[in-house]
Amino acid sequence: MLRTERLILRPFGREDAPTVQRLAGAREVADTTLTIPHPYLDGVAESWIATHEEAWKQKDRATFAVTTEAEGLIGAIGLHLRLGHQRAELGYWIGLPFWNRGYATEAARAIIAFGFESLGLNRIHASHLTRNPASGRVMEKAGMRFEGTLRQHVVRWGRLEDLNTYAVLRSERAV
Ligand SMILES: CC(C)(COP(=O)(O)OP(=O)(O)OC[C@H]1O[C@@H](n2cnc3c(N)ncnc32)[C@H](O)[C@@H]1OP(=O)(O)O)[C@@H](O)C(=O)NCCC(=O)NCCS
């Protein structure tokens, strides 16, 4: 569990599934991700949450529920670990009612600190569809540096999309 000024980042539990389905089920949230299905069918959230414990044990993924005292579960953030390369990929989503309050940035900063300080990572990278500049702002505000555009790198909703990639190195961290 990680605490920030406004957030508690904690493991997901089965009881979070209905809220995950409601928040991740919004087309606006799925739209700019590569992994959230749409429509978000019954049982998908339960299955996803059920993978977390084993993925953490295997040092494959660290996934946290983003929560506030007042609002409860508002989103998700995680690291896809590649410990052999001392790096991880950061990913996140925040429910639509909670956008533009700085929550993704606050959570990203906490996870990046966790990655460097507790997991011993050397590099944390992330990428976003170029048509999703809000996510690029989150990466910048969390201290990541733009590394380039991967042209037509992925397909979402049947269309080729460019990806902007960002990363931060342990040595670049302001202590
Ligand atoms: C991307 C996302 C996580 C941002 O979450 P958030 O909590 O609203 O992010 P923050 O409030 O910390 O920061 C958002 C920044 O983007 C800016 N922003 C919002 N819409 C924007 C737009 N259309 N163009 C440019 N910047 C935009 C905000 O102004 C803010 O920057 P600022 O602090 O400099 O003003 C959220 O929109 C989301 O979950 N989207 C759907 C899923 C997704 O795309 N996940 C990321 C995949 S890479």
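Up top is the structure these notes are about.
Fair warning: this is a prediction, and the values are worked out from it, not measured in the lab.

Thresholds applied
- Residues numbered from 1 in each chain as written.
- Predicted model: local features only at pLDDT ≥ 70, side-chain atom pairs only at ≥ 80, totals over all residues.
- Heavy atoms only, no water.
- Pairing = 2+ DSSP bridges.
- Helix = DSSP H or I, 4+ residues; strand = E, 2+ residues; numbered from the N terminus.
- Contact = heavy atoms within 4.5 Å.
- Axes fitted to C-alpha atoms, helices over the stretch in contact; angles between N-to-C directions.
- Right-handed = clockwise from strand over helix to strand, strands pointing away.
- Buried < 20%, exposed > 50% of the residue type's maximum accessible area, 1.4 Å probe, protein only.
- Arc of directions from axis to C-beta.
- Core = buried A, V, L, I, M, F, W, Y, C linked by side-chain atoms within 4.5 Å.

> Give a detailed account of the sheet that holds strand 3 (residues 61-68), specifying residues and quantitative values.
Judged by pairing direction, the sheet is mixed, and its eight strands sit side by side in the order 1-2-3-4-5-6-8-7 without closing on themselves. The open sheet has two edge strands with one neighbour each: strand 1 (2-3) and strand 7 (145-156). The pairing of strand 5 (residues 87-94) with strand 6 (residues 123-129) spans three bridges and is classified as parallel. If you follow R87 over to strand 6, its bridge partner there is R123. With respect to the sheet, helix 6 (residues 133-141) is in contact with strand 5, strand 6 and strand 8 (159-169), its orientation differing from that of strand 6 by roughly 160 degrees.

> Give a detailed account of the pairing of strand 5, specifying residues and quantitative values.
Relative to strand 5, strand 4 (residues 72-82) is paired through eight bridges, and the arrangement is antiparallel. Of the residues in strand 5, the one forming a bridge with G75 is I94. Here strand 4 folds back onto strand 5 in antiparallel fashion, the turn holding four residues, of which Q86 has a positive phi close to 55 degrees. Handedness of the crossover joining strand 5 and strand 6 through helix 5 (residues 103-117) is recorded here as right-handed.

> For the environment of L9, give the residues involved together with the corresponding values.
Turning to its location among the elements, L9 is positioned in strand 2 (residues 8-10). Residues L9 and G158, spaced 149 residues apart in sequence, show a C-alpha to C-alpha distance of 34 Å. Not counting chain neighbours up to four residues away, the residues in contact with L9 comprise M1, L2, F64, A65, V66, I77, A107, A110 and I111.

> Describe in detail helix 6, supporting the description with residues and values.
Looking at helix 6, one finds that the buried residues are S135, G136, V138 and M139. One side of helix 6 carries all its buried residues, which in axial view fall inside an arc of 155 degrees. Immediately downstream of helix 6, the backbone of G143 shows phi near 95 degrees, a positive value.

> Can you lay out the nonpolar core for me, pointing to particular residues and giving the numbers?
Grouped together as the largest cluster of nonpolar side chains are 50 residues, with contacts concentrated most on L9, V20, I77, L79, L90, I124 and M144. Ranked by residues supplied to this core, first place goes to helix 5 with nine residues. With residues up to four places along the chain from it excluded, the contact list for L90 reads I77, G78, L79, A108, I111, I112, I124, H125, A126 and M144.

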